[in-house]
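Summary of structural features
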Amino acid sequence: MAKSIDLKSTINLPRTSFPMKAQLPQREPQQLAEWEEQGIYRRILESRKNAPIFSFHDGPPYPTGDIHLGTGLNKICKDMVVKSKTMAGFRAPYIPGWDCHGLPIETKVEKDLGGKKHSVSAAEFRRMCRAFATKYVDQNRRDFKRLGIFGQWDHPYLTMDPEHEAVIAEAFLTFLEKGYAYKGLKPVYWCLHDRTALAEAEVEYENHTSPSIWIRYKVEEAPNLKVKRPGGGEFYALVWTTTPWTLPASMALAFHPDLEYVLAEVENGDVYIVAKGRVNAVQEETSLKFVKFSELVRGKVFEGAKFKHPFLERIEPGVLAEYVTLEQGTGIVHTAPGHGAEDFYTGQKYGIETYAPLDDEGRFVEGLLEYKGKTVFEANPFITQLLEERGALVGEAKLTHSYPHCWRCHNPVIFRATEQWFIDLQHDQLRERTLAEIEKVKWFPAWGEERMRKMVAERPDWCISRQRFWGVPLVVFYCEKCGELLRDFRALRNVVKWFEKEGADAWFTHSAAELLPAGTKCKCGASEFRKEKDILDVWFESGSTNLAVLKGEFWPADAYLEGPDQYRGWFQSSLLVAMGVRGRAPYKQIITHGWTLDAEGRPMSKSKGTGELPAEICEKWGADLLRLWVTSQDYQTDMRFSEAMMSQLAESYRKIRNTFRFVLGNLNGFDPARDAVAENELLEMDAWMLHRTAELIEKCRAWYDEYAFHRVFHALYDFLVVDLSAFYFDVLKDRLYTFARHNKARRSAQTAMYRIASALVRLIAPILVFTAEEVWKSLPRAAGDAPSVHMALFPTREELVHSASPNKNENWESLLQVREQALKKLEEARNSKLINSALEARVEMRASGKTLDLLKSYAAWLPQILIVSQVSVASANGAHASSAAAAGAAAAEMEVRHADGKKCERCWNYSVHVGESADYPTLCERCLVAIAEIESSANRGSA
RNA sequence: GGGCCUGUAGCUCAGGUGGCUAGAGCGCGCCCCUGAUAAGGGCGAGGUCGACUGUUCAAGUCAGUCCAGGCCCA
């Protein structure tokens, strides 16, 4: 008589409260609140109190608006560095910062003031800027935390903090004291109407009608030219300009070194130097008609030639400049270093004076009577007339073109050389020493070194002064009597103390007498001083953050990580400031991430509406999905973003989540301390999977070491999908579900699953910070487990594989190959309707040689590995198997038939033994054993 | 225009020092399962390796030119 029993209840199906649906947008904030309550960041650092330091230094973003995808990418990468280093056993604090001073905030505040800037005091204006920055710091901080980034959010560094401003001022004083800082002239945009310097961002291009004149400079001498006196008449260089007023400041004529020039003769025998590519245009736009041309010469021959200024007693040298083009003019550019940015650099290169004889209103303060005392725009026609009188004018017209205007008053602006502070890169070999230091830094990717080297090698002196308010003032005093700089550094450092107390605001609210110690005197004996009005370039400030933030053994930083724009920006400014102050680089490693692009590969932009906000992405997909986006691609190159990508990643995420969920469901009731199987009792397959996991761990740890996060992700994901979900876990189902709960073989499977999951969840924790924690909380606890996955250490190889374990790995690799062949055969059988489920199949294998031996010795495993009911192994006589075996692969001939016997009601395998038991006529022999085990343990009362 | 970088299947990635019919996962198509179930499994179709020209017995891999795109300058 058959026993009546609910067979289903004897099957161990997975059970877990770990939800299949992630609902990240809802669940993540709860996790954040929990972490906040636990003080996770402090606890992590506490747990690494005596660990070796990994000093990461955060590059400060600018708080003017919502954080963008690029900022999100930046911070997530940094967080992965910090978290992975923490899990690798380092003490890795993260102190986020903001770059608070500078023009963008000034202009926003100015806009709010609606043109009433001049009605508020500098101190009041600064107060408004501070309030503005504070508002966005708070907003950004909220968004960053939402991304799962751990750090010292309650005490970030702000460049506008008093202590920070004091460090910046101190750094400048060090530069001044060591002799790096000097005062020189440099052209800046200047508004004549408002009598003020303008930043690049403050000019707007509007149409403007300028004179367009063609003038000739007599050639005094051209030593590199073979022909000394071409033609029968005069010898000229022909020049075109739209700013006649810059001619009094004309100091050189610039040629392009590689362009071709001709000596073109006109009827009366005069000869003109003109770029070959402009000859026709010149004849169209001037009265000149060329009748004869010389051979071509390269522009470089005119370097060092001498030309006579058309109306001043001045001989101008020929110089070379790459920016000379054939788009307009004659291919020869009159160069006024005091009135043009390019001209200025050329002037610097050739050691030519930066001459700009104008006052604040743009009036000539020296020069000929024809224009002296007039403003530049008034002077234009008079200078043109002067040229004509001197016989230098060969063409005149009007030109309407795009010209820079003041954004406030909309008058045309000019370039005007003004006094500025510079850092001298030649002084004390600053440039050379910096170049040497660049070689010592490790660059990720490696091309960073070359990029930085070139930039530092070729950059001009650093202009560090700005004519603004919202920043740290240059701590410089001038003697009211003799005008000399105060160089009493003990006295100057008194100002730093003021800054520590009151911030840089002190500069604007206190007099020189208050800021300096009583009794401070100039060398001339006077004791009255005037404060410098300029503030420091904000890049000097951000370049000083390493000095302010990295204390003691945390300086220099182990790593900086920023976008590619920071080679010119923060990477460089930090390097130069640290070189000047401490004589070495402030970082050991530089990691660069790419730019964020849209699906078409174009830069994200707010105006085009392609800008994605991390906050919105978190609301729609969740922070872990954004982090998955960061990790799925190689962040060291440009990063594309699209909705399609996100939905694909969501699929990947689901797979990861479900695979972990499967483990958790099958570990239901599993207590590692009580149920784990000893190393030497693990089934061979389980031991092998631990070995494979160990290999994966080694690879992932190495990739984390070199910050190759996307490699970690792809490897983990592939392992999870292919090795675990599709193979191992699928195979394990039979053992987990149908074996008795306490059966050793089942416990062996659980032990392996537990150890693998514990390793994987830690490896993935820096990436999926929320999900990993969620899994960690549901994973069975072992003694000594960290309360948070983020406090845990990465798994090690030794943790998974004991050297004593028998190594049968090669056998298993071969069995995997056999499985692959079998799966194809099973698919054929399915398609021909021979079987549906693989369990309906019986696979007949024939092999020879080593493969035959292997298959025979693993005969008991084969049905499980293939998830079929029966496998038979026989010796092959055909040539097929042996040839394949010769190629190195384990190969067998195989055929699929319908399995013998009946389907077991409990385990669904087919067996000829079903029906042999009177008690359980629908069960197979394996299930009879299992039931017996279950019944006996039930009798002992230990469910 | 210059410096630096990127360009392998629809998507995201692998492919030391050049060497068999260029790999993976996802997606897609077809099929199976219904004891991971708004899950799970299998098979399959997709690439002239940005283009061209060289070097070589042999090039995704080396060299040159060009094209497309990015960062920073001008």
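Residues numbered from 1 in each chain as written. Chains lettered and ligands numbered in written order. Predicted model: local features only at pLDDT ≥ 70, side-chain atom pairs only at ≥ 80, totals over all residues. Heavy atoms only, no water.

Bringing the overall build of chain A into the picture now. Helix and strand content of chain A: 31 helices and 31 strands. Whereas a compact globule of 943 residues would reach a radius of gyration of roughly 30 Å, chain A reaches 39 Å, over 25% beyond that. With the C-alpha coordinates aligned to their principal axes, the bounding extent of chain A is approximately 130 × 75 × 45 Å. Burial statistics for chain A: of 943 residues in total, 56% are counted as buried. Entry remark: accessible area of chain A is about 40,800 Å², with carbon and sulfur atoms responsible for 50%. (Helix = DSSP H or I, 4+ residues; strand = E, 2+ residues; numbered from the N terminus. Rg over C-alpha atoms; globule rule 2.2 N^0.38 Å. Buried < 20%, exposed > 50% of the residue type's maximum accessible area, 1.4 Å probe, protein only. Areas by Shrake-Rupley, 256 points an atom, 1.4 Å probe, with all protein chains shown as cover.)

Glancing now at the protein's contact with RNA strand B. Taken together, 55 residues sit near RNA strand B, with S632, R661, H710, R711 and S725 positioned nearest. The sugar and phosphate moieties of RNA strand B supply 81% of its atoms located within 4 Å of the protein. In the model, a phosphate oxygen of RNA strand B is placed 3.3 Å from a nitrogen or oxygen of the W595 side chain. The contact in question runs from a phosphate oxygen of RNA strand B to an N or O atom on the side chain of K833, over 3.5 Å. Counting only elements with at least two residues in the surface near RNA strand B, the list comes to helix 11 (447–458), helix 20 (643–666), helix 23 (709–738) and helix 27 (809–831). No other element matches the 13 residues that helix 23 contributes to the surface near RNA strand B. By residue class, the composition of the surface near RNA strand B is 20 nonpolar, 13 polar and 22 charged. (Near = heavy atom within 4 Å. Polar contact = N/O pair within 3.5 Å; in protein donor to acceptor, adjacent residues only side chain to side chain. Nonpolar A, V, L, I, M, F, W, Y, C, P; charged D, E, K, R; others polar.)

On to the side chain of S250, then. Note that S250 resides in the loop between strand 6 (235–241) and strand 7 (252–255). A polar side-chain atom of S250 sits 2.9 Å from a polar atom in the side chain of E316. Look past the residues within four positions of S250 in its chain and what remains in contact with it is Y217, H309, R314, E316, H334, T335 and A336. (Contact = heavy atoms within 4.5 Å.)

It is worth spelling out the pattern of salt bridges at this point. With the rule as written, the count across this model stands at 55 salt bridges. With its nearest N and O atoms 3.0 Å apart, the salt bridge here joins D360 to R416. Within this pair, whereas D360 is found in the loop between helix 8 (341–350) and helix 9 (376–389), its partner R416 is found in strand 16 (residues 414–423), the two being separated by 56 residues in sequence. Classification of R416 as buried rests on a relative accessible area of 8%. Here R755 makes a salt bridge to E679, at a shortest N to O gap of 3.2 Å. Taken together, the positions of R755 in helix 24 (residues 744–764) and E679 in the loop between helix 21 (672–675) and helix 22 (684–705) put the pair 76 residues apart, joining distant regions of the chain. Taken together, the shared-partner salt bridges connect R842, E844, E895, R897 and D900 into one network. (Salt bridge = Lys/Arg side-chain N within 4 Å of Asp/Glu carboxyl O.)

Moving on: the sheet that holds strand 17 (residues 442–444). The 3 strands are arranged 17-24-23 in an open sheet whose pairing can be described as parallel. This sheet does not close on itself; its edge strands, each paired only once, are strand 17 and strand 23 (557–562). Going across the sheet, the axis of each strand differs from the next one's by a mean of 15°, ignoring polarity. As paired strands, strand 23 and strand 24 (residues 587–592) are joined by 5 bridges and run parallel to one another. When the sheet's bridge partners are listed, L561 is paired in strand 24 with I591. Helix 17 (residues 570–582) contacts strand 23 and strand 24 of the sheet and is inclined by roughly 170° relative to strand 24. (Pairing = 2+ DSSP bridges. Axes fitted to C-alpha atoms, helices over the stretch in contact; angles between N-to-C directions.)

What follows concerns the state of the cysteines. Applying the stated criterion across every chain yields a total of 0 disulfides. Here C927 is not cross-linked by a disulfide; its sulfur's nearest cysteine counterpart is in C904, at 3.7 Å. (Disulfide = S-S within 2.5 Å.)

Here chain A is described as being made up of domain 1 (212–397) and domain 2 (809–900). A C-alpha centroid distance of 88 Å is found between domain 1 and domain 2. (Domains from an automatic or database assignment.)

This paragraph deals with the pairing of strand 24. Within strand 24, 5 of the 6 residues are buried, which leaves it mostly tucked inside the rest of the structure. Relative to strand 24, strand 17 is paired through 3 bridges, and the arrangement is parallel. Across the sheet, residue F444 finds its bridge partner in strand 24, namely I591. In this view, the connection linking strand 23 to its parallel neighbour strand 24 by way of helix 17 has right-handed handedness. (Right-handed = clockwise from strand over helix to strand, strands pointing away.)

So, on to the side chain of K78. In this structure, K78 sits in helix 3 (residues 69–87). K78 sits in the buried class, given a relative accessible area of 0%. At 3.3 Å, the side chain of K78 forms a polar contact with the backbone oxygen of G59. When near neighbours in sequence (up to four residues on either side) are disregarded, K78 contacts F56, D58, G59, Y94, L561 and E562.

Next up on the list: the packing of aromatic side chains. For the structure shown, the criterion picks out 47 aromatic pairs. When the centroid spacing of 5.5 Å and the interplanar angle of 75° are considered together, the rings of W812 and Y858 count as edge-to-face. In this pair, W812 sits in helix 27 while Y858 sits in the loop between helix 28 (849–857) and helix 29 (862–866), placing the two residues 46 residues apart along the sequence. According to the relative accessible area criterion, W812 is buried, its value standing at 1%. Ring geometry for W812 versus W861: centroids 5.1 Å apart, planes at 85°, classification edge-to-face. (Phe/Tyr/Trp six-rings, centres within 6.5 Å; stacked < 30°, edge-to-face > 60°.)

Attention shifts here to the sheet that holds strand 29 (residues 893–898). On the basis of which strands lie adjacent, the open sheet formed by 3 strands has the order 28-27-29 and mixed pairing. Of all the strands in the sheet, the pair left with one neighbour each is strand 28 (870–875) and strand 29. With direction set aside, neighbouring strand axes in the sheet form an average angle of 20°. With 6 bridges connecting them, strand 27 (residues 841–847) and strand 28 associate as parallel partners. Note that in strand 28 the partner of R842 across the bridge is Q870. Together, strand 27 and strand 29 form the strand contacts of helix 27, whose direction differs from that of strand 29 by roughly 40°.

All right, on to the packing of helix 6 (residues 162–178) against helix 12 (residues 489–502) then. Interhelical geometry of helix 6 versus helix 12 gives an angle of 165° and a closest axis separation of 7 Å. Considered as vectors, helix 6 and helix 12 are oriented roughly antiparallel to each other. In the packing of helix 6 onto helix 12, the handedness of the crossing is right-handed. Contact residues: helix 6 offers P162, E165, A166, A169, E170, L173, T174, L176 and E177, while helix 12 offers F489, L492, R493, V496, F499 and E500. In the contact of helix 6 with helix 12, the residues fall into 9 nonpolar, 1 polar and 5 charged. (Parallel < 35°, antiparallel > 145°, perpendicular 65-115°, else oblique. Left-handed = near helix turned anticlockwise from the far one by under 90°.)

Right, let's get into the pairing of strand 3 (residues 181–191). Strand 3 sits mainly inside the fold: 8 of its 11 residues count as buried. Here 10 bridges tie strand 3 to strand 16, and the two strands are oriented antiparallel to one another. From the neighbouring strand, P187 faces strand 16, where its bridge partner is A417. Adjacent in sequence and paired antiparallel, strand 3 and strand 4 (residues 196–198) are bridged by 4 residues, among which R195 carries a positive phi angle near 50°.

A word on unusual backbone geometry. Cis geometry is adopted by the peptide bond preceding P445, which originates at F444 and carries an omega value of -5°. In this structure, P445 sits in the loop between strand 17 and helix 11. The omega torsion of the bond from W555 to P556 falls at 0°, within 30 degrees of zero and hence cis. The residue P556 is located in the loop between helix 16 (545–549) and strand 23 in this model.

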